[in-house]
Amino acid sequence: MALLTLLVIGLFCLVFKSTRMIGVIGLTLIALVYPFVFITLFFVVLFVGYFKLRRKLNVYQPPKLP
């Protein structure tokens, strides 16, 4: 639970320009301490984001012929 809290705080620090460097340093330290968890969460986010984007782009309707 503490790891999830630190990840959320690190990602929240990346949002603001004044705290961006702190967020990068924090996420780097988390990645060094917990590499398996960090890589797993990274791939889960990429997987979910990919399919969410793919679902948005798959709205093509073929033209109807007269």
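Because the structure is a prediction, the values reported are computed rather than measured.

**Student:** When you look at the overall build of the protein chain in this model, what are you seeing that I'm missing?
**Tutor:** Counting its regular elements, the protein chain contains three helices and zero strands. When its helices and strands are written in sequence order, the protein chain yields α-α-α. For the protein chain, the spread of C-alpha atoms along the three principal axes comes to 60 × 30 × 15 Å. Carbon together with sulfur atoms contributes 78% to the accessible area of the protein chain, which is approximately 6300 Å² in total.

**Student:** Explain helix α2 (residues 20-33) here, please?
**Tutor:** The periodicity of an α-helix, 3.6 residues per turn, causes residues three or four places apart in sequence to face the same way. Taking 1.5 Å per residue as the helical rise, α2 with its 14 residues ought to reach 20 Å, and the 20 Å between its terminal C-alpha atoms agrees with that figure. Here α2 has its buried residues at G23, L27 and I30. The arc that holds every buried residue of α2, seen down its axis, measures 60°, which confines them to one face. Opposite the packed face of α2, turned more than 90 degrees from it, sit the exposed residues M21, I22, L29, L32 and V33.

**Student:** It is not clear to me how the packing of aromatic side chains should be interpreted in this structure. Could you clarify?
**Tutor:** The way to describe two aromatic rings as a pair is by their centre distance and the angle between their planes. Evaluated as defined, the whole model comprises two aromatic pairs. Taken together, a centroid distance of 5.4 Å and an interplanar angle of 85° make the contact between F12 and F16 edge-to-face. On the basis of relative accessible area, F12 is assigned to the exposed category, the value being 53%. Residue class for F16 comes out partly exposed when judged on its relative accessible area of 42%. Centre to centre, the rings of F42 and F43 are 5.8 Å apart; their planes meet at 65°, and the pair counts as edge-to-face. The exposure class assigned to F42 is partly exposed, which follows from its relative accessible area of 47%.

Cut-offs applied
- Each chain carries its own residue numbering, running from 1 in the direction its sequence is written.
- Confidence filtering applies because this is a predicted model: local features only for residues at pLDDT of at least 70, side-chain atom pairs given and counted only at 80 or more, and all residues used for totals across whole chains, interfaces and linings.
- Each side-chain value is worked out from all heavy atoms of the structure, with water and hydrogens disregarded.
- Strands are runs of DSSP state E lasting at least 2 residues, helices are runs of H or I lasting at least 4, and numbering of each runs from the N terminus.
- Here the Shrake-Rupley method, with its probe set to 1.4 Å, supplies the accessible areas, and only the displayed protein chains count as covering residues.
- A helix is expected to reach a length of 1.5 Å times the quantity of its residues less one.
- Accessibility here uses a 1.4 Å probe with only protein chains present; expressed as a share of the type maximum, an area under 20% marks a residue as buried, one over 50% as exposed, and anything in between as partly exposed.
- In this context, the arc is that of the directions from the helix axis out to the C-beta atoms.
- Note on aromatic contacts: the rings of Phe and Tyr and the six-membered ring of Trp form a pair at centre separations within 6.5 Å, being stacked when their planes are under 30 degrees apart, edge-to-face when over 60 apart, and tilted otherwise.

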